[in-house]
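Commentary on secondary and tertiary structure
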Amino acid sequence: MNTRKTIIKTLFFTCALAFADTTLCAEKQDINDKLITLSGTIDSINGELSDQRATIGAIKSQVEHSNNQLKRQMLEELKTLQRQNQYLYDTLLAQKERNGESMKIKPLRNYDLQTPDGKMILGEDEYVYVKEADSTIVARIDTGASQSSISASDIVEFERNSKKWLRFKIIHNDRTIEVEAPYVKQTKLRQSSIDGYSYRPVVKLNIKIGDFSTTAEFNLIDRTKMQYALLIGRNLLTDIAVVDVSRRYVQGRSDKTGLLIVCTDDYIEAVKNGINLNAEYDILQKLNKGGQIANKATDGAESLGTNAQVALPSVNNQIEQKEGKKPALKLDKKQQKKKAAEKALQEEEENEASSLKANPFLNKKNNKK
């Protein structure tokens, strides 16, 4: 009897396990079917997103192309209007000159500096002010160079505001200028002097030629042994300037008091003739140099050098008082009373001395007493 019950229980548990296993397999199959369906849905969504990205990219390209066309069209129309206005002005000027009259309005442009369509005229060499170097550098204008370049030695990479920057030195004319500029990219250039390509880092610099200011890209190369520390290429000249190689320094120098770096031959010639091209700059730098040790002058006042603007307060106050720009310092009441008492005592002693000197008899009488 017990054996029969045991067999029945065993069969029951076996059937239950079989049923549970069948149910679990069915659930697994159902989950797999759902995963396959979900995977198909995800693939379909990804396909649609890829199509949308492609469509958006095509639209973006069309918009950029349309904007570029519109910009070129507007630029051409502006140039046409400039030419028309210049033609009208020239016609009126010629008519006035034939009649012996003069124009009361200023000319639209200087033909020595600009072409009739408004482009700058540049010579073979031009003064270029580089803001990051705070210097004016004579640049060679080279229409054969596709990119502009600037001399750079000891290039160091660093980070500023989570962006890559480069620090380098311009060594020219026996001067060393430290420059920091944001990194743009690495450029690949073919050089005629060597086989293959050269790779150079590119930075962005703010420059000024005459009255024209812009931001341009410059690749860094060691030009220490070259004539010019700066070279202007087609990337900066296109659409804004024409070059007349028979002239030099057409646009003039915009920064006339800062540091000047010229080509090597001009610098050597100046040194031979005993000329310091930066004499005024060196004097200003010496006058404005701060951080000197404070020395006592003969009058007891402190000084930081020859420039009163960087002197200590006592020197500035003294200078301003002499020039009548600053009222005299007020003394407190105790000091005023003390000064007044000392002055009264001094006057009394002076009066007594003068009285004795004027009346010798009074002096003898006092001695007898």
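Summarised in this report is the structure supplied together with it. The residue count restarts for each chain, going from 1 along the sequence in the order it is written. Given that this is a predicted model, residues contribute local features only at a pLDDT of at least 70 and side-chain atom pairs are listed and counted only at 80 or more, while totals for whole chains, interfaces and linings are drawn from all residues. With hydrogens and water excluded, all non-hydrogen atoms of the structure serve as input to the side-chain values.

1. Focus: the overall build of the protein
Secondary structure elements are taken from DSSP: a helix is a run of H or I of four residues or more, a strand is a run of E of two residues or more, and numbering for both begins at the N terminus. The helix and strand inventory of the protein stands at 7 helices and 14 strands. Burial here depends on accessible area, computed with a 1.4 Å probe over protein chains only, as a share of the maximum for the residue type. Under 20% is buried, over 50% is exposed, and the range in between is partly exposed. The burial tally for the protein puts 22% of its 369 residues in the buried class. Note on areas: Shrake-Rupley, 1.4 Å probe, and residue coverage restricted to the protein chains presented here. Carbon and sulfur atoms provide 53% of the accessible area of the protein, an area that totals close to 26,900 Å².

2. Focus on the pattern of salt bridges
Any carboxyl oxygen of Asp or Glu within 4 Å of a side-chain nitrogen of Lys or Arg constitutes a salt bridge here. For the structure on display, the rule yields 10 salt bridges. One connected set of salt bridges, linked through shared partners, spans Glu124, Asp125, Arg140, Arg248 and Asp266.

3. Quick notes on the pairing of strand S7 (residues 175-190)
One ladder, built from 8 bridges, connects strand S6 (residues 163-172) with S7; its direction is antiparallel. Across the sheet, Phe168 pairs through a bridge with Val179, a residue of S7. Any two strands are treated as partners once DSSP identifies two or more bridges connecting them. Taking the residues that link successive antiparallel strands as the turn, the S6-S7 hairpin has 2 residues, and the phi of Asn173 there is positive, at about 55 degrees.

4. Description of unusual backbone geometry
Of note, Asp134 is a non-glycine position whose phi angle comes to about 50 degrees, a positive value. Look at Asp154: it is not a glycine, yet its phi comes out positive at around 55 degrees. Within the element layout of this structure, Asp154 appears in strand S5 (residues 153-160).

5. Quick word on the side chain of Thr187
In this fold, Thr187 is placed in strand S7. Here Thr187 is in contact with Ser198, Tyr199, Arg200, Val202 and Asn219, once residues within four sequence places are set aside. A contact between two residues is defined here by any heavy atoms of the two lying within 4.5 Å.

6. Points about the nonpolar core
Judged by nonpolar contacts, the single largest core of 32 residues is most densely connected at Ile170, Phe218 and Leu230. A per-element tally of this core places strand S8 (residues 197-209) first, with 4 residues. With 6 residues, the next largest nonpolar core counts Tyr127, Tyr228, Leu260 and Val262 among its residues. Take the buried residues of types Ala, Val, Leu, Ile, Met, Phe, Trp, Tyr and Cys, join any two whose side-chain atoms come within 4.5 Å, and each joined set is a nonpolar core.

7. Points about the environment of Gln114
Relative to the helices and strands, Gln114 resides in the loop between helix H1 (2-98) and strand S1 (120-122). With a relative accessible area of 27%, Gln114 lands in the partly exposed category. Measuring from C-alpha to C-alpha, the distance between Gln114 and Gln251 comes to 9.3 Å, with 137 residues separating the pair along the chain.

8. Some thoughts on a negative patch on the surface
Residues enter patches when they are more than 30% accessible in relative terms and free of salt bridges; like-charged ones are connected within 9 Å and nonpolar ones (Val, Leu, Ile, Met, Phe, Trp, Tyr) within 5 Å. The charge count treats Lys and Arg as positive and Asp and Glu as negative. His and the chain ends do not count. Charged side chains are reduced to one point each, which is NZ for Lys, CZ for Arg, CG for Asp and CD for Glu. A cluster of like negative charges, contributed by Glu347, Glu348, Glu349, Glu350 and Glu352, occupies part of the molecular surface. By the secondary structure assignment, Glu352 is in helix H6 (residues 333-358).

Such coordinate-based values are descriptive only and should not be taken to indicate function.
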